[in-house]
Amino acid sequence: MAAYLEISKVGITFKPGAVPVLVDVDLQVARGEYIAIIGHSGCGKSTLLNIVAGLTRATTGGVVLDGREVNTPGPDRAVVFQNHSLLPWLTCRENVRLAVDQVFGRSKSRAERAAWVDENLELVRMTAHADKRPAEISGGMKQRIGIARALAMQPKVLLLDEPFGALDALTRAHLQDQVMEIHHRLGMTVLMITHDVDEAVLLSDRIVMMTNGPMATIGEIATVNLPRPRDRLALVENSNFIAARQKVMEFLYARHRNPAQAA
Amino acid sequence: MSTTIDSVKVQNAPNPKASGPGPAARIGSALWNALRNAAPLLVMLVLIFAIWQIAAGGAKSSLPPPTTIWAQSHDLILHPFYDHGGLDKGLGLHLFASLKRVFLGFTLAAIAGVALGMLVGTSMIAMRGLDPIFQVLRTVPPLAWLPLSLAAFREAQPSAIFVIFITAIWPVIINTAVGVRNVPQDYRNVARVIQLRGLGYFTKIVLPSAAPYIFTGLRIGIGLSWLAIVAAEMLIGGVGIGFFIWDAWNSSNISDIVVALIYVGVVGFFLDRLVAMAGNFITKGTSA
């Protein structure tokens, strides 16, 4: 199986001569795979995502997506930002529309683009609120628009930067289910940053566990052996779910405790 | 001032009292709400006028009490648009002349200020070259420009407009530059991911993101313009509220001065609200 997304020997040092934040990060992702990257805060997992997005340049190593090296940001690696990053002066529909017009301005007609915007709003069930501004909708809804905007770019890899981190538990569960369903339907490749063990196990095919920074790297990769579609209620007592969960917990809290908490 | 805004909000909000009974009762409760919101202001005004009346009511007082002002100047209050030819005009006409100057000067300042602010905000070289000059020039008091502009234009009208222009332009430039320079990283990241660059980036991300800053600059600018025009008109003469006040002082009509000051304050307040409302409308509520 040739890797669709290949991260090889990626390292980053922010100031010359300083201790590197990331070293020797190697990861191969297959097409359609859902990868979660988990680690304590400050381990550089968001930096890694930004490197894949092209928003930050790696000091060493590189990222190859579908046979092409990644140097600059682009819609083939759409990002769902943690703080949603919707433009407050545009309505939800206009936010998605801006991205769609920009990405498909030449390849699709006006009517096709409008239909495509509506289709993606429907995908995240936001059609009813499409003409509201970001300030008028809840945090969960904003994140759904963020997801719709990213999906509407038809990215090769969808990058999720702690997309549910700022949401309450119930909203988060609801959105996780929606993302699972969309992933099931579209089969897109996903790279998701999280610090929530249950979320990582529930959503992903493989969980990439990061060691603590500085000089953070991938400590271990756990494969989640659970059939899809997954149901959060049925999984509670599933032995594979529990095993995967334990493995991640053990990595995070026994072997690689957060340095801030250990001190 | 805030009372007017509050009363609008309260009337729009669902009113528990108004839900059940008929239209008559609804109008009654709306009136009651308006009264409740306006009452503190009315009480305050009555109080101020009463204190003023007592303080200035003595025989040796150098300033007139409200009753004297009414007796001497009620023509000015009741007939703001009379025109007896020459400079003998109602306050409304004087204000109108001042507003025309402010409108011209401020419009020019807004256009030039936003353009220069964008230049300074986007180009590092322009900032290094122009910002120090702006920082020095903006501290020059508005009236200090008047002799120079009179020398340059040799006419009162364009000189006054220039003084307004030069007064209002600095806050517009500086706020526009700050707004353009401080586009949040989040928005820039979005633009980078969707590969929005050049003119598209500028019109779709930078301008809307800077709009609240620009309108803050415009609001400060219109306020300063109004401050400057009164002073400038005292010196240049002709029709205008500033000249009216100076003329009243020369003819010892203290009552007229008081009435004119109240007019100046009220008009200044409405100018500020007007720019704020325009900002709110254009930025779709994202500006304060």
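Residues numbered from 1 in each chain as written. Chains lettered and ligands numbered in written order. Predicted model: local features only at pLDDT ≥ 70, side-chain atom pairs only at ≥ 80, totals over all residues. Heavy atoms only, no water.

**Considering the domain arrangement of chain A**
The parts lose accessible area when they come together, and the size of an interface is often stated as this lost area.
Residue and element names in this part refer to chain A.
Now for step 1: Under the domain assignment, chain A is made up of domain 1 (1-76 + 171-263) and domain 2 (87-154).
Now for step 2: For domain 1 and domain 2, the distance between their C-alpha centres works out to 26 Å.
Now for step 3: With 11 residues of domain 1 at the interface, the matching set in domain 2 holds 10 residues.
Now for step 4: Of the roughly 860 Å² buried where domain 1 meets domain 2, counting both sides, 71% is carbon and sulfur surface.
Now for step 5: Our enumeration of links across domain 1 and domain 2 arrives at 1 salt bridge.
Now for step 6: Among the ionic pairs, Arg 125 bridges to Glu 181, the shortest N-O distance being 3.4 Å. (Domains from an automatic or database assignment. Contact = heavy atoms within 4.5 Å. Buried area = accessible area lost by both parts, 1.4 Å probe. Salt bridge = Lys/Arg side-chain N within 4 Å of Asp/Glu carboxyl O.)

**Concerning the packing of helix α6 (residues 145-153) of chain B against helix α7 (residues 156-181) of chain B**
Residue and element names in this part refer to chain B.
Now for step 1: One can describe the packing of α6 onto α7 by two numbers: an axis separation of 9 Å at closest approach and a directional angle of 135 degrees. Taken as axis vectors, α6 and α7 run oblique relative to one another. In this structure, the crossing between α6 and α7 has a hand that is right-handed. Note on element contacts: α7 touches α6 through Ala 156, Pro 158, Ser 159, Phe 162, Val 163 and Ile 166, opposite Trp 145, Leu 146, Ser 149, Leu 150 and Phe 153.
Now for step 2: In terms of residue class, the contact of α6 with α7 is built from 9 nonpolar, 2 polar and no charged. (Axes fitted to C-alpha atoms, helices over the stretch in contact; angles between N-to-C directions. Helix = DSSP H or I, 4+ residues; strand = E, 2+ residues; numbered from the N terminus. Parallel < 35°, antiparallel > 145°, perpendicular 65-115°, else oblique. Left-handed = near helix turned anticlockwise from the far one by under 90°. Nonpolar A, V, L, I, M, F, W, Y, C, P; charged D, E, K, R; others polar.)

**Overview of the sheet that holds strand β1 (residues 5-12) of chain A**
All names here are of chain A.
Now for step 1: Pairing within the open sheet is antiparallel, and its 4 strands lie in the order β2-β1-β4-β5. At either end of the open sheet lies a strand with only one pairing partner, and these are β2 (22-29) and β5 (68-69).
Now for step 2: Against the sheet, helix α1 (residues 45-53) makes contact with β1, β2 and β4 (60-65), and its axis sits at roughly 120 degrees relative to β1, the strand it touches most. (Pairing = 2+ DSSP bridges.)

**Looking at the nonpolar core**
Now for step 1: The biggest cluster of nonpolar side chains holds 148 residues, and the ones touching the most others in it are A:Leu158, A:Leu191 and A:Ile207.
Now for step 2: With 13 residues, the single largest contributor to this core is helix α9 (residues 198-236) of chain B.
Now for step 3: Among all residues touching A:Ile207, those that are not within four sequence positions of it are A:Ala36, A:Ile38, A:Ala200, A:Val201, A:Glu220, A:Ile221, A:Ala222, A:Val224 and A:Val248. (Core = buried A, V, L, I, M, F, W, Y, C linked by side-chain atoms within 4.5 Å. Buried < 20%, exposed > 50% of the residue type's maximum accessible area, 1.4 Å probe, protein only.)

**With respect to the packing of aromatic side chains**
Now for step 1: Following the criterion strictly, the structure yields 7 aromatic pairs over all chains and no others.
Now for step 2: Taking the centre distance of 5.7 Å and the plane angle of 50 degrees together, the rings of B:Phe134 and B:Trp170 count as tilted. Residue B:Phe134 is found in helix α5 (residues 124-137), and its partner B:Trp170 is found in helix α7; the two are separated by 36 residues along the sequence.
Now for step 3: Exposure remark for B:Phe134: the relative accessible area of 6% places this residue in the buried category.
Now for step 4: By relative accessible area, B:Trp170 is classed as buried at 8%.
Now for step 5: When the ring of B:Phe269 is compared with that of B:Phe270, the centres are 5.3 Å apart and the planes differ by 65 degrees; the resulting orientation is edge-to-face.
Now for step 6: For B:Phe270, a relative accessible area of 52% puts it in the exposed group.
Now for step 7: Within the aromatic cluster, the residues linked to one another by ring pairs are B:Trp145, B:Phe153, B:Phe162 and B:Phe165.
Now for step 8: When the ring centre of A:Phe104 is taken as origin, the NZ or CZ atom of A:Lys108, which lies over that ring, is 4.6 Å away.
Now for step 9: The cationic tip of A:Lys108 hangs over the ring face of A:Trp116; the distance from NZ or CZ to the ring centre is 4.5 Å. (Phe/Tyr/Trp six-rings, centres within 6.5 Å; stacked < 30°, edge-to-face > 60°. Lys NZ or Arg CZ within 6 Å of the ring centre and 35° of its normal.)

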